[in-house]
Amino acid sequence: MADPVGRVELVERVDELDRVVGVVERGEAVRRGWLHRVATTVCRDAGGRLLVHRRADGLARFPGQYNWLVGGAVDVGESWEEAAGRELTEELGVRVDVRFAFKFLCRGAISPYWLGVHEAVVAEDLSPDPAEIAWHGWVSDGELQVMARQLAFVPDGVEVLRRYQSGS
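Residues numbered from 1 in each chain as written. Predicted model: local features only at pLDDT ≥ 70, side-chain atom pairs only at ≥ 80, totals over all residues. Heavy atoms only, no water.

*Asks:* Looking at this model, I keep getting lost on helix α3 (residues 141–150). Mind explaining?
*Replies:* Residues lying three or four places apart along an α-helix face the same way, a consequence of the helix completing one turn every 3.6 residues. Listed in full, the buried residues belonging to α3 are Leu144, Met147 and Ala148. One side of α3 holds all its buried residues, which, seen down the axis, span an arc of 100 degrees. Summarising the geometry of α3, the exposed residues directed more than 90 degrees from the buried face are Arg149 and Gln150. Tucked into the core, α3 has its buried residues touching β4 (50–55), β9 (133–139) and α4 (155–165). (Buried < 20%, exposed > 50% of the residue type's maximum accessible area, 1.4 Å probe, protein only. Helix = DSSP H or I, 4+ residues; strand = E, 2+ residues; numbered from the N terminus. Arc of directions from axis to C-beta. Contact = heavy atoms within 4.5 Å.)

Below, the structure is given as C-alpha coordinates:
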(Lines give C-alpha, C1' and ligand atoms only; values in the text may rest on other atoms or scores of the structure.)
Protein backbone atom coordinates (compact mmCIF):
# COMPACT_ATOMS: atom_id res chain seq x y z
CA MET A 1 0.00 0.00 0.00
CA ALA A 2 1.31 3.44 -0.83
CA ASP A 3 0.91 6.48 1.38
CA PRO A 4 -0.79 9.66 0.05
CA VAL A 5 2.42 10.78 -1.71
CA GLY A 6 2.92 7.42 -3.39
CA ARG A 7 5.67 5.94 -1.20
CA VAL A 8 5.49 2.28 -0.25
CA GLU A 9 4.72 1.93 3.45
CA LEU A 10 7.20 -0.44 5.07
CA VAL A 11 6.55 -1.96 8.48
CA GLU A 12 8.30 -4.42 10.72
CA ARG A 13 6.74 -7.85 10.59
CA VAL A 14 6.61 -9.22 14.14
CA ASP A 15 5.78 -12.54 15.76
CA GLU A 16 3.26 -13.52 18.45
CA LEU A 17 5.64 -12.13 21.11
CA ASP A 18 6.07 -8.81 19.25
CA ARG A 19 9.63 -9.61 18.16
CA VAL A 20 10.77 -8.29 14.77
CA VAL A 21 11.16 -11.02 12.15
CA GLY A 22 11.52 -8.89 9.01
CA VAL A 23 10.51 -5.82 7.03
CA VAL A 24 7.49 -6.00 4.71
CA GLU A 25 5.17 -3.72 2.81
CA ARG A 26 2.15 -2.92 4.99
CA GLY A 27 -0.41 -3.86 2.36
CA GLU A 28 1.19 -7.29 2.01
CA ALA A 29 1.18 -7.73 5.80
CA VAL A 30 -2.54 -6.96 5.85
CA ARG A 31 -3.34 -9.22 2.87
CA ARG A 32 -1.37 -12.15 4.28
CA GLY A 33 -2.45 -11.65 7.89
CA TRP A 34 1.14 -11.05 9.04
CA LEU A 35 1.55 -9.38 12.39
CA HIS A 36 2.90 -5.84 12.41
CA ARG A 37 2.53 -2.86 14.75
CA VAL A 38 -0.06 -0.09 14.91
CA ALA A 39 0.15 2.80 17.39
CA THR A 40 -2.96 4.66 18.52
CA THR A 41 -3.67 7.45 20.97
CA VAL A 42 -6.60 8.28 23.21
CA CYS A 43 -6.81 12.09 23.26
CA ARG A 44 -8.31 14.05 26.13
CA ASP A 45 -8.69 17.80 26.46
CA ALA A 46 -7.72 19.73 29.58
CA GLY A 47 -11.19 19.04 31.01
CA GLY A 48 -10.87 15.28 30.58
CA ARG A 49 -13.19 14.94 27.60
CA LEU A 50 -12.34 12.41 24.89
CA LEU A 51 -11.79 13.17 21.23
CA VAL A 52 -14.15 11.40 18.82
CA HIS A 53 -13.98 11.75 15.06
CA ARG A 54 -15.66 10.53 11.90
CA ARG A 55 -13.29 9.11 9.33
CA ALA A 56 -13.30 10.71 5.89
CA ASP A 57 -15.53 9.04 3.30
CA GLY A 58 -12.64 8.57 0.87
CA LEU A 59 -10.55 6.35 3.13
CA ALA A 60 -9.93 2.75 2.05
CA ARG A 61 -10.52 1.35 5.54
CA PHE A 62 -13.71 2.10 7.50
CA PRO A 63 -14.80 5.15 5.48
CA GLY A 64 -17.32 7.37 7.27
CA GLN A 65 -17.14 5.38 10.50
CA TYR A 66 -16.51 6.90 13.90
CA ASN A 67 -13.46 6.32 16.05
CA TRP A 68 -12.04 7.62 19.29
CA LEU A 69 -8.45 6.62 18.51
CA VAL A 70 -5.93 8.41 16.30
CA GLY A 71 -3.15 6.33 14.87
CA GLY A 72 -1.55 4.23 12.20
CA ALA A 73 1.24 1.82 11.37
CA VAL A 74 4.56 1.98 13.20
CA ASP A 75 7.31 2.66 10.65
CA VAL A 76 10.47 0.58 10.44
CA GLY A 77 12.82 1.50 13.29
CA GLU A 78 10.24 3.74 14.98
CA SER A 79 9.26 3.36 18.64
CA TRP A 80 5.64 3.03 19.71
CA GLU A 81 5.72 6.55 21.16
CA GLU A 82 7.37 8.07 18.08
CA ALA A 83 4.71 6.54 15.85
CA ALA A 84 1.86 7.71 18.10
CA GLY A 85 3.25 11.25 18.17
CA ARG A 86 3.83 11.31 14.41
CA GLU A 87 0.27 10.17 13.74
CA LEU A 88 -1.14 12.94 15.97
CA THR A 89 0.85 15.49 13.99
CA GLU A 90 -0.18 14.04 10.62
CA GLU A 91 -3.86 13.59 11.41
CA LEU A 92 -4.62 16.36 13.91
CA GLY A 93 -1.87 18.92 13.29
CA VAL A 94 -0.68 18.88 16.91
CA ARG A 95 2.59 18.03 18.64
CA VAL A 96 2.01 16.69 22.14
CA ASP A 97 3.66 14.21 24.47
CA VAL A 98 2.16 10.75 24.47
CA ARG A 99 2.27 8.18 27.25
CA PHE A 100 2.27 4.46 26.52
CA ALA A 101 -0.72 2.80 28.23
CA PHE A 102 -0.78 -0.83 27.02
CA LYS A 103 -0.47 -3.10 24.01
CA PHE A 104 -2.24 -6.26 22.96
CA LEU A 105 -2.49 -8.65 20.05
CA CYS A 106 -5.55 -7.32 18.25
CA ARG A 107 -7.25 -9.85 15.98
CA GLY A 108 -8.52 -6.91 13.93
CA ALA A 109 -11.50 -6.52 11.63
CA ILE A 110 -9.19 -6.57 8.58
CA SER A 111 -6.10 -8.43 9.79
CA PRO A 112 -4.28 -9.16 13.06
CA TYR A 113 -1.67 -6.76 14.47
CA TRP A 114 -0.04 -5.65 17.68
CA LEU A 115 -1.83 -2.52 18.88
CA GLY A 116 -0.08 -0.04 21.16
CA VAL A 117 -2.48 2.30 22.97
CA HIS A 118 -1.22 5.67 24.20
CA GLU A 119 -2.74 8.62 26.03
CA ALA A 120 -2.27 12.33 25.45
CA VAL A 121 -3.70 15.58 26.73
CA VAL A 122 -4.30 17.95 23.83
CA ALA A 123 -4.62 21.55 24.95
CA GLU A 124 -4.02 23.24 21.60
CA ASP A 125 -6.48 23.74 18.75
CA LEU A 126 -6.76 20.85 16.32
CA SER A 127 -6.19 21.16 12.58
CA PRO A 128 -7.45 17.79 11.34
CA ASP A 129 -6.35 16.51 7.95
CA PRO A 130 -9.61 16.53 5.92
CA ALA A 131 -8.37 13.52 3.94
CA GLU A 132 -8.41 11.57 7.21
CA ILE A 133 -11.01 13.23 9.46
CA ALA A 134 -14.39 14.56 8.32
CA TRP A 135 -15.67 15.68 11.74
CA HIS A 136 -14.40 15.77 15.31
CA GLY A 137 -15.69 16.69 18.75
CA TRP A 138 -14.97 16.31 22.46
CA VAL A 139 -17.28 14.10 24.53
CA SER A 140 -17.55 12.75 28.06
CA ASP A 141 -16.80 9.11 28.84
CA GLY A 142 -20.53 8.44 29.13
CA GLU A 143 -21.29 10.14 25.82
CA LEU A 144 -18.60 8.02 24.15
CA GLN A 145 -20.25 4.86 25.50
CA VAL A 146 -23.58 5.88 23.99
CA MET A 147 -22.00 6.85 20.66
CA ALA A 148 -20.12 3.55 20.44
CA ARG A 149 -23.42 1.67 20.81
CA GLN A 150 -25.50 3.83 18.49
CA LEU A 151 -23.15 4.87 15.66
CA ALA A 152 -21.08 2.94 13.14
CA PHE A 153 -17.75 2.74 14.99
CA VAL A 154 -14.52 1.18 13.77
CA PRO A 155 -14.75 -2.33 15.28
CA ASP A 156 -11.19 -2.39 16.60
CA GLY A 157 -11.83 0.92 18.38
CA VAL A 158 -14.79 -0.62 20.19
CA GLU A 159 -12.52 -3.45 21.37
CA VAL A 160 -9.95 -0.93 22.64
CA LEU A 161 -12.68 1.02 24.42
CA ARG A 162 -13.71 -2.12 26.31
CA ARG A 163 -10.09 -2.89 27.26
CA TYR A 164 -9.31 0.74 28.14
CA GLN A 165 -12.26 1.09 30.47
CA SER A 166 -11.52 -2.22 32.18
CA GLY A 167 -7.90 -1.20 32.76
CA SER A 168 -6.80 -3.68 30.07
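*Asks:* Which parts of the structure should I look at to understand the environment of Ile110?
*Replies:* Tracing the sequence through the fold places Ile110 in the loop between β7 (99–106) and β8 (113–121). For the pair formed by Ile110 and His36, sequence separation is 74 residues and the distance between their alpha carbons is 13 Å. Once residues lying within four places of it in the same chain are set aside, the contact partners of Ile110 are Val30, Arg61 and Phe62.

*Asks:* Honestly, the pairing of β8 in this entry has me stumped. Any pointers?
*Replies:* Along a regular strand, successive side chains alternate from one face of the sheet to the other. For β8, a buried count of eight out of nine residues is recorded, marking the element as mostly surrounded by other parts of the structure. For strand β3 (residues 37–44) and β8, the ladder comprises eight bridges, and the chain directions are parallel. Looking across to β8, one finds that Thr41 is bridged to His118. Of the strand pairs in this sheet, β7 and β8 are connected by seven bridges, and their pairing is antiparallel. Bridged to Phe102 within β8 is Val117. In textbook terms, the turn of a hairpin is the stretch between consecutive antiparallel strands, and for β7 and β8 this stretch comprises six residues, one of which, Gly108, has a positive phi near 70 degrees. (Pairing = 2+ DSSP bridges.)

*Asks:* How do you make sense of the pattern of salt bridges when you look at a structure like this?
*Replies:* If charged atoms from side chains of opposite charge come close, those side chains can pair. Going through the model one piece at a time under the given rule, you end up with 17 salt bridges. A salt bridge links Asp45 to Arg49; its shortest N-O distance comes to 2.6 Å. Through salt bridges with shared partners, a single ionic network connects Asp75, Glu78, Arg86, Glu87 and Glu90. (Salt bridge = Lys/Arg side-chain N within 4 Å of Asp/Glu carboxyl O.)

*Asks:* I would appreciate a short explanation of the side chain of Arg37 in the present structure.
*Replies:* Relative to the helices and strands, Arg37 is located in strand β3. Among the polar contacts listed, one links the side chain of Arg37 to the side chain of Asp18, at a separation of 2.7 Å. Every residue in contact with Arg37, bar those within four places of it in the chain, is listed here: Glu12, Val14, Asp18, Val20, Ala73, Val74, Trp80 and Trp114. (Polar contact = N/O pair within 3.5 Å; in protein donor to acceptor, adjacent residues only side chain to side chain.)

*Asks:* Whenever I open this one, a nonpolar patch on the surface confuses me. Can you help?
*Replies:* Taken together, the side chains of Val8, Leu10, Val23 and Val76 define a hydrophobic patch exposed on the protein surface, amounting to about 330 Å² of accessible area. Examined against the element boundaries, Val8 turns out to sit in the segment before β1 (10–14). In this structure Val8 comes out as exposed when scored by relative accessible area, which is 53%. (Patch = residues over 30% accessible without salt bridge, like charges linked within 9 Å, V, L, I, M, F, W, Y side chains within 5 Å. Areas by Shrake-Rupley, 256 points an atom, 1.4 Å probe, with all protein chains shown as cover.)

*Asks:* Before we go on, may I ask you to explain the packing of aromatic side chains in this structure?
*Replies:* The final tally for this structure, using the stated rule, is five aromatic pairs. Between Tyr66 and Trp135, the aromatic rings sit 6.1 Å apart at their centres with planes inclined by 70 degrees, giving edge-to-face as the arrangement. Placement of the pair is Tyr66 in strand β5 (residues 66–67) and Trp135 in strand β9, with a sequence separation of 69 residues. Ring-pair connections join several aromatic residues into one group, and the members of that group are Tyr66, Trp135 and Phe153. Lys103 extends its terminal NZ or CZ atom over the ring of Trp114, reaching a point 5.2 Å from the ring centre. The side chain of Arg163 reaches across the aromatic face of Phe104, ending 3.9 Å from its centre. (Phe/Tyr/Trp six-rings, centres within 6.5 Å; stacked < 30°, edge-to-face > 60°. Lys NZ or Arg CZ within 6 Å of the ring centre and 35° of its normal.)

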